[in-house]
Amino acid sequence: MSEHLTIGFLPLVDACLPILAAEHGFAAEEGLELSFVRDVSWATVLDRLLYGHSDAAHMLAPLAIATTLGRARPAQALAAPFVLGLNGNAITLAPGLAQAVGAPDGRLGDPLAIGQALATVAAARVAAGRKLRFGVVHRYSSHNYMLRYWLAACGIRPDVDVEIATVAPPFVADALESGEIDGTCVGEPWNSVAVERGAGRIVLATAQIWRRGVEKVLALREARLEERRDAVEALIRAMRKAGAHFVDPANWQANAAVLADARYLGGSPELILRAISDRLVLAHGTAPIHYADFMFQYREAANFPWVSQAEWLYSQMARWDHTPFNADEAAKAARVTRPDVYRSALAGTGDLLPGASSKVEGSLGQKTAVSAQQGTMVLEQNSFFDGRTFDPDDLPGYLASLPG
Amino acid sequence: MRIAIVDESASRASVIREGLAQLDDCELFVLTQRHGLLATIEDIAPDVVLIDLGNPSRDVLEEYFAVSRALSRPIAMFVDRSDEEAIGASIDAGVSAYVVDGLAASRIRPVLDLAVRRFGAFARLQADLDEAKGKLAERDLVDRAKRLLMKSRGLSEPDAYAELRRKAMQSSRRIADIAEAVVTAHDLMKGDE
């Protein structure tokens, strides 16, 4: 008898794994039937999860932590047994600003060089009484934290030198066009939509800021995860199979068409294909460029929910909510990622399982072999653009070392 | 009490407004435009904000409530755990409510109950409308199938209809389903024409 799970999602390319698990029969192979609820705001995706309209949801990793910690709402413990993807977002600036900060033709910019040029523009705009304004998809999003991490490391103080506000992804292109915002950090296909309209130019990929930055997770209420443990483990196996299918170039075109369906993203397959194939058109009317691992959904156990990823996000939450480090909160945040569930789901499948559940983030300057549950696995470069590393064993020390 | 109804569907907003108008002592504001939403909310300074779950501005609004000092800080309804059932009902109905800090639950409850009922009523109207549209589409389909049978088998109109009905009864399906099969088969046979 097949089990049924309802999954909430927002129409973004990184909702791909559960969708493809259903569409290609990987879920059915695991005895699962999936149905989907599409929404247009994270608030509604979260409400449906909390009030039982959905069993699991495509969710911003920081929002899962914020919900667990009770920021802006009463605390409800969420669990994330699977990372839906790393990165896949970009920083897009209005064409005039992109030019002013020296965004190069035909390639992505250098994060430090662009950031330093941006600091000059930001200062001039402060002096003119019109601060630069950036749009992010949600306060508790990796987009917000990546953007802020980059700006602060380049000497631009978020909320002081520039403004950062929430703009819903479908309206980002409008907001750039009308001058409501000067730049954005958003997921695909929304950067490409802005590019196609001539409203923006992609200058950086978030993978340049943190090479292996955590993005969306599959989130469930902790209680629901326990009730539906077998179904969730089946879903994890199905999504790993979907991931292998998703990254195979032979399937890119077909998967772009599936995701473009009105039930899912409801957009242009051509634009969706850009993110899937790591081929981005940076400025309207120019040839696509290739940027490896723009999205990262499969290799190197990309879906493994590292505890250190949750802890890094907690560090940024404390930093930008301006709340003091709190060991109890840090421990709660760390419990959101559930490597134990991921391991249990994939034990015996032959899939790669890391030996550890936490790592020093940003510490790999090059390909490195690390221990796996069986043998070793190779992790590629995983660094922050400013060369800092995040040691989860010294969260207060890390926080103290960051520019304010 | 000042109540803002944020809904991009003007017809639904007016149905909600009409419902809430029965409440004593309430001033109602309907906001259907996304543009300038936050500035308008700031001007109104509402005690309660009702917004439909399908509204793409929810995240923007929630952030504003969380960080704005300009308002007397409405906060999410969900903060009041005492009324889980009412909140669940409102999510089921498709509406979320944000309530200014400190407003008594006894004042919120009637507003929310009415909003839920009105959302439900609107959903039923919508369903009726969809059903009526569906019936029209079915009638078109049956007409097309009849014409195909008349042309290809030289039947009169009543005979063509009788044929569809006979087939439907035989296979215990609806006439509209048989008509759809006839039309689909015809489209397939004629190729890309």
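About the cut-offs
Residues numbered from 1 in each chain as written. Chains lettered and ligands numbered in written order. Predicted model: local features only at pLDDT ≥ 70, side-chain atom pairs only at ≥ 80, totals over all residues. Helix = DSSP H or I, 4+ residues; strand = E, 2+ residues; numbered from the N terminus. Rg over C-alpha atoms; globule rule 2.2 N^0.38 Å. Buried ≥ 20, exposed ≤ 12 C-beta atoms within 10 Å, placed from the backbone. Contact = placed C-beta atoms within 7 Å. Nonpolar A, V, L, I, M, F, W, Y, C, P; charged D, E, K, R; others polar. Pairing = 2+ DSSP bridges. Axes fitted to C-alpha atoms, helices over the stretch in contact; angles between N-to-C directions. Core = buried A, V, L, I, M, F, W, Y, C linked by C-beta atoms within 7 Å. Expected span 1.5 Å × (residues − 1). pLDDT = per-residue confidence, 0-100. Parallel < 35°, antiparallel > 145°, perpendicular 65-115°, else oblique. Right-handed = clockwise from strand over helix to strand, strands pointing away. Left-handed = near helix turned anticlockwise from the far one by under 90°.

With that settled, consider the overall build of chain A. In terms of helices and strands, chain A carries 18 helices and 18 strands. Its C-alpha radius of gyration of 20 Å places chain A within 12% of the 22 Å reference for a compact globule of 404 residues. Each principal axis of the C-alpha distribution contributes one length, and for chain A these read about 65 × 45 × 40 Å. Classification of the 404 residues of chain A by burial places 55% in the buried group. The long-range fraction of contacts in chain A, counting pairs at least 24 apart against all pairs at least 6 apart in sequence, stands at 74%.

Moving on, we get to the overall build of chain B. In terms of regular secondary structure, chain B is built from 7 helices and 5 strands. Starting at the N terminus and walking to the C terminus, you meet the elements of chain B as β-α-β-α-β-α-β-α-β-α-α-α. Since a compact globule built from 193 residues should have a radius of gyration of about 16 Å, the 26 Å found for chain B marks it as more spread out than a globular shape. C-alpha atoms of chain B, sized along the principal axes, occupy 75 × 35 × 25 Å. For chain B, the proportion of its 193 residues judged to be buried stands at 30%.

Attention now moves to the interface of chain B and chain A. Residue-level contacts link 18 residues of chain B with 17 residues of chain A. For the side of chain B that touches chain A, the class distribution of residues is 8 nonpolar, 5 polar and 5 charged.

Here we come to the environment of L141(B). Residues and elements named next belong to chain B. The residue L141 is located in helix 5 (residues 105-153) in this model. Exposure remark for L141: the 19 C-beta atoms within 10 Å place this residue in the partly exposed category. Look past the residues within four positions of L141 in its chain and what remains in contact with it is A176, A179, E180 and V183.

Bringing the sheet that holds strand 3 (residues 56-60) of chain A into the picture now. Residue and element names in this part refer to chain A. Taken in spatial order, the 5 strands line up as 2-1-3-11-4 in an open sheet, and their pairing is mixed. Of all strands in the sheet, those with a lone pairing partner are strand 2 (32-38) and strand 4 (78-83), marking the two edges. Averaged over neighbouring strand pairs, the angle between their axes works out to 35° when direction is ignored.

Moving on to unusual backbone geometry. Cis geometry marks the peptide bond from E188(A) to P189(A), where omega comes out at 10°. Topologically, P189(A) is positioned in the loop between strand 9 (183-187) and helix 9 (190-196). Even without a glycine there, the phi angle at H322(A) is positive, about 55°. In this structure H322(A) comes out as exposed when scored by C-beta crowding, with 8 C-beta atoms within 10 Å. One non-glycine residue with positive phi stands out, namely S172(B), at about 40°. Mapping S172(B) onto the fold places it in the loop between helix 6 (157-170) and helix 7 (175-189).

Here R147(B) lies in helix 5. Sequence spacing of R147(B) and F122(B) is 25 residues, and the spatial spacing of their C-alpha atoms is 38 Å.

Residues and elements named next belong to chain A. The buried fraction of strand 4 amounts to 6 of the 6 residues, a majority that puts the element mostly inside the structure. Where strand 4 meets strand 11 (residues 216-221), 4 bridges bridge the pair, whose relative direction is antiparallel. Opposite A79, over in strand 11, you have L220 as the bridge partner.

Nonpolar side chains tend to gather and get buried jointly when the protein is soluble and globular. With 169 residues, the main nonpolar core has I65(A), A219(A) and L50(B) as its most contacted residues. The element contributing the most residues to this core is helix 12 (residues 229-247) of chain A, with 9 residues. Discounting residues that sit within four places of it in the chain, L50(B) has contacts with I3(B), I5(B), V6(B), I16(B), V95(B), A97(B) and A115(B). Grouped together as the second largest cluster of nonpolar side chains are 8 residues, L149(B), A160(B), L164(B) and I178(B) included.

Once that is clear, we can look at the environment of L38(B). Residues and elements named next belong to chain B. Along the chain, the position of L38 falls in helix 2 (residues 37-44). Owing to 17 C-beta atoms within 10 Å, L38 belongs among the partly exposed residues under this scheme. In sequence terms L38 and F65 are 27 residues apart; their C-alpha atoms lie 9.7 Å from each other.

To continue, consider helix 7 (residues 142-153) of chain A. All names here are of chain A. The end-to-end C-alpha distance of helix 7, which contains 12 residues, comes to 16 Å, matching closely the 16 Å that a straight helix rising 1.5 Å per residue would cover. The buried fraction of helix 7 is high, at 10 of 12 residues. Buried within helix 7 we find S142, H143, N144, Y145, M146, L147, R148, Y149, W150 and L151. Once helix 7 ends, the next one or two residues include G155, with phi positive near 85°.

Here we take up helix 15 (residues 307-321) of chain A. All names here are of chain A. Taking 1.5 Å of rise per residue, the 15 residues of helix 15 would be expected to cover 21 Å, and the 21 Å separating its terminal C-alpha atoms lies within 8% of that figure. The element helix 15 is extensively covered by neighbouring structure, given that 12 of its 15 residues are classed as buried. Of all the positions in helix 15, only S308, Q309, A310, E311, W312, L313, Y314, S315, Q316, M317, A318 and R319 are classed as buried. Taken together, the buried residues of helix 15 touch helix 4 (61-69), helix 7, helix 16 (327-334) and helix 18 (395-401). Directly after helix 15, the chain includes H322, whose backbone phi takes a positive value near 55°.

All names here are of chain B. Here chain B averages 85 in pLDDT, and 90% of its residues register 70 or above. No element of chain B has a lower mean pLDDT than strand 4 (residues 74-76), which averages 58, and none a higher one than strand 2 (residues 27-31), which averages 95. Both confidence scores are given for the complex: pTM 0.88, ipTM 0.89.

Below, the discussion takes up the packing of helix 3 (residues 42-50) of chain A against helix 3 (residues 58-67) of chain B. In a packed pair of helices, the relevant descriptors are the angle between the two axes and the axis-to-axis distance. Closest axis-to-axis distance for the helix 3 of chain A/helix 3 of chain B pair is 7 Å, and the angle between their directions is 90°. Regarding the angle of helix 3 of chain A to helix 3 of chain B, the classification is roughly perpendicular. For the pair helix 3 of chain A and helix 3 of chain B, the contacting residues are W42(A), A43(A) and T44(A) in the first and R58(B), D59(B) and E62(B) in the second. Of the residues that constitute the contact of helix 3 of chain A with helix 3 of chain B, the class distribution is 2 nonpolar, 1 polar and 3 charged.

Residues and elements named next belong to chain B. Taken together, the 5 bridges between strand 1 (residues 2-6) and strand 2 define a ladder with parallel strand orientation. Along strand 2, the bridge assignment pairs I5 with V30. In the classification by handedness, the crossover that spans strand 1, the intervening helix 1 (residues 10-20) and the parallel strand 2 is right-handed.

Take the packing of helix 15 of chain A against helix 16 of chain A next. Residues and elements named next belong to chain A. Two elements in contact, helix 15 and helix 16, have axes separated by 8 Å at closest approach and are oriented at 135°. Between helix 15 and helix 16, the crossing angle belongs to the class labelled oblique. Judged by the sense of rotation from one axis to the other, the crossing of helix 15 with helix 16 is right-handed. On helix 16, the residues touching V307, A310, E311 and Y314 of helix 15 are E329, A330, A333 and A334.

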